[in-house]
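Chain by chain, the residues:
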Amino acid sequence: MVRTAVVPVAGLGTRFLPATKAVPKELLPLVDRPAIQYVVEEVVHNGLEDVLLVTAAGKSAIEDHFDRRLDLEAALAAKGRDADLAEVRALAELATIHAVRQHEPLGLGHAVLMAAGHVDADESFAVLLGDDLLEPDSTFLGRMVAAHERTGVAVVALLRVDDPDRLAQYGVVAAEPGERDGEVWVHDLVEKPAPGTAPSDLAVIGRYVLPGRVLEVLRDTPPGRGGEIQLTDALRTLAAERPIVGLVLDEPRHDAGEKLGFLTATLALAARRPDLGPDLVAWLHANLADLEARAGGDTGGAR
Ligand code: UTP
């Protein structure tokens, strides 16, 4: 049974500087809730309720977001703002949140290794990266857990990327067709392959279901690319022992770890909100010419 979701949030968030100098990237809001809240809600929506945040110095506000705030609750109660009060309180009951510190940003693999004190050596767990946002009602993580329970091996989420230049920004898998539609057997992974050298068009994105053994492998994984302990390297070791499963994403996903993806995620999330969507879309229609003029008229290359 998969009980715990490990959510690494210890990175420096340099792509959003200067915004992330004093505010953790994971607390930047999309509409009216921070990115990390969507991730924790996804965990809960998919039947897991134990969350381990791998955090770092300067990021304790992330834990505060999921704690009670009694002074705020009292102020909202005194003003009769019951809906806001309920929303603020619900955050503390959303999931069981634990936190562990990664003292230095030594890589995603190293961040995952920090879970060793929290999950048992033979216990499987999920890993979610806040940079990848799925839709709030996504059940993809639950499907990954089911694939793991069926096969017993690690499961990675894959995104089909047609553009070779974009593909070169990801870890890309070498794979064969799997047992079921949308599933592949992964026998190797290549981190950021030079354009034209990728083994497939399937890129690894930030959802994983991993057997406890990955922690043992990570302990023996030397620093790789960029001097960091790479999760990809540990996955390569696992895949060489026995192919692992790749589940190809068949629903919208936003790369909120980069600026354009963060903006499009904000628009997509706002558009589906009854209190904002119609007004936002009407505004975009009415202002499209102005937006095009501000962009210098050069919008032909938009993705
Ligand atoms: P990123 O490479 O996106 O790093 O890591 P980052 O620091 O968050 O962002 P940029 O690239 O500087 O803008 C992917 C995920 O792994 C976590 C990050 O917090 C992010 O969720 N991470 C990365 C760690 O927790 N520890 C690390 O040592 C590295």
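Everything here concerns the structure above.
The following refers to the structure shown. Since we're looking at a predicted model, the values are computed, not measured.

Observations regarding the overall build of the chain
Item 1. Looking only at helices and strands, the chain has eleven helices and 13 strands in total.
Item 2. A compact globule built from 303 residues would reach a C-alpha radius of gyration of about 19 Å, and the chain, at 20 Å, matches this within 12%.
Item 3. When the backbone C-alpha atoms are referred to their principal axes, the chain occupies close to 60 × 50 × 35 Å.
Item 4. Counting across all 303 residues of the chain, residues that qualify as buried make up 45%.
Item 5. Here the analysis covers contacts within the chain between residues at least 6 apart in sequence; of these, 75% occur between residues at least 24 apart.
Item 6. Entry remark: accessible area of the chain is about 15,200 Å², with carbon and sulfur atoms responsible for 54%.

Structural notes on the site of the ligand
Item 1. In the region of the ligand, 17 residues are neighbours, and Leu12, Thr14, Arg15, Lys25 and Gln102 sit closest.
Item 2. One of the backbone nitrogen or oxygen atoms of Gly13 is found 2.9 Å away from an oxygen atom of the ligand.
Item 3. Gly107 places a main-chain nitrogen or oxygen 2.8 Å from an oxygen atom of the ligand.
Item 4. A total of 570 Å² of accessible area belongs to the ligand in isolation, and the protein chains cover 83% of it.
Item 5. Tallied by class, the residues present in the shell around the ligand amount to eight nonpolar, five polar and four charged.

A short note on the packing of helix 10 (residues 259-271) against helix 11 (residues 277-294)
Any two packed helices are characterised by how steeply their axes cross, that is the angle between the axes, and by the distance between the axes.
Item 1. Packing of helix 10 against helix 11 brings their axes to within 7 Å, and their N-to-C directions diverge by 125°. Classified by the angle between their axes, helix 10 and helix 11 sit oblique to one another. Residues Leu267, Ala270 and Ala271 of helix 10 pack against Gly277, Leu280, Val281 and Leu284 of helix 11.
Item 2. Residue classes in the contact of helix 10 with helix 11 are distributed as six nonpolar, one polar and no charged.

A closer look at the side chain of Glu26
Item 1. On the secondary structure map, Glu26 appears in the loop between strand 1 (4-8) and strand 2 (29-30).
Item 2. Note on Glu26: relative accessible area 9%, which makes it buried.
Item 3. Within the structure, Glu26 has its side chain in polar contact with the side chain of Lys59 (distance 2.9 Å).
Item 4. Aside from chain neighbours lying at most four places away, what touches Glu26 is Val9, Pro34, Ala35, Ile36, Lys59 and Ile62.

Side note on the nonpolar core
Proteins that are soluble and globular tend to have nonpolar side chains buried together.
Item 1. Grouped together as the largest cluster of nonpolar side chains are 48 residues, with contacts concentrated most on Leu30, Ile36, Ala126, Met144 and Val209.
Item 2. Per element, the largest residue contribution to this core is six residues, and it comes from helix 1 (residues 35-45).
Item 3. Discounting residues that sit within four places of it in the chain, Ala126 has contacts with Val2, Thr4, Ala5, Val6, Leu48, Leu141, Tyr208 and Val209.

Quick notes on the pattern of salt bridges
Item 1. Here the structure, examined in full by the defined rule, presents 27 salt bridges.
Item 2. Among the salt bridges present, the one from Lys192 reaches Glu191, with a minimum N-O distance of 3.2 Å.
Item 3. Among the residues examined, Lys192 registers a relative accessible area of 38% and is labelled partly exposed.

Details of unusual backbone geometry
Item 1. In this structure, Pro18 follows Leu17 across a cis peptide bond, with omega equal to 5°.
Item 2. As for its placement among the helices and strands, Pro18 is situated in the loop between strand 1 and strand 2.
Item 3. With a phi close to 65°, Val31 is a non-glycine residue in the positive phi region.
Item 4. Assessed through its relative accessible area of 28%, Val31 is described here as partly exposed.
Item 5. Positive phi values are uncommon outside glycine, yet Lys192 reaches one of about 45°.

Here's the deal with the packing of helix 3 (residues 70-78) against helix 4 (residues 82-93)
Item 1. Where helix 3 contacts helix 4, the two axes come as close as 8 Å, and the packing angle between them is 160°. Put simply, helix 3 runs roughly antiparallel to helix 4. Of the two possible hands of crossing, helix 3 and helix 4 adopt the one that is left-handed. Between helix 3, through Leu72, Glu73, Leu76 and Ala77, and helix 4, the contact on the second element is made entirely by Asp84, Leu85, Val88 and Arg89.
Item 2. Its residues placed into classes, the contact of helix 3 with helix 4 shows five nonpolar, no polar and three charged.

What to know about the environment of Ala77
Item 1. As for its placement among the helices and strands, Ala77 is situated in helix 3.
Item 2. Assessed through its relative accessible area of 43%, Ala77 is described here as partly exposed.
Item 3. For the pair Ala77 and Pro177, spaced 100 residues apart in sequence, the C-alpha to C-alpha distance is 56 Å.

Cut-offs applied
- Residues numbered from 1 in each chain as written.
- Predicted model: local features only at pLDDT ≥ 70, side-chain atom pairs only at ≥ 80, totals over all residues.
- Heavy atoms only, no water.
- Helix = DSSP H or I, 4+ residues; strand = E, 2+ residues; numbered from the N terminus.
- Rg over C-alpha atoms; globule rule 2.2 N^0.38 Å.
- Buried < 20%, exposed > 50% of the residue type's maximum accessible area, 1.4 Å probe, protein only.
- Contact = heavy atoms within 4.5 Å.
- Areas by Shrake-Rupley, 256 points an atom, 1.4 Å probe, with all protein chains shown as cover.
- Near = heavy atom within 4 Å.
- Polar contact = N/O pair within 3.5 Å; in protein donor to acceptor, adjacent residues only side chain to side chain.
- Nonpolar A, V, L, I, M, F, W, Y, C, P; charged D, E, K, R; others polar.
- Axes fitted to C-alpha atoms, helices over the stretch in contact; angles between N-to-C directions.
- Parallel < 35°, antiparallel > 145°, perpendicular 65-115°, else oblique.
- Core = buried A, V, L, I, M, F, W, Y, C linked by side-chain atoms within 4.5 Å.
- Salt bridge = Lys/Arg side-chain N within 4 Å of Asp/Glu carboxyl O.
- Left-handed = near helix turned anticlockwise from the far one by under 90°.

So yeah, pure geometry; function would need other evidence.
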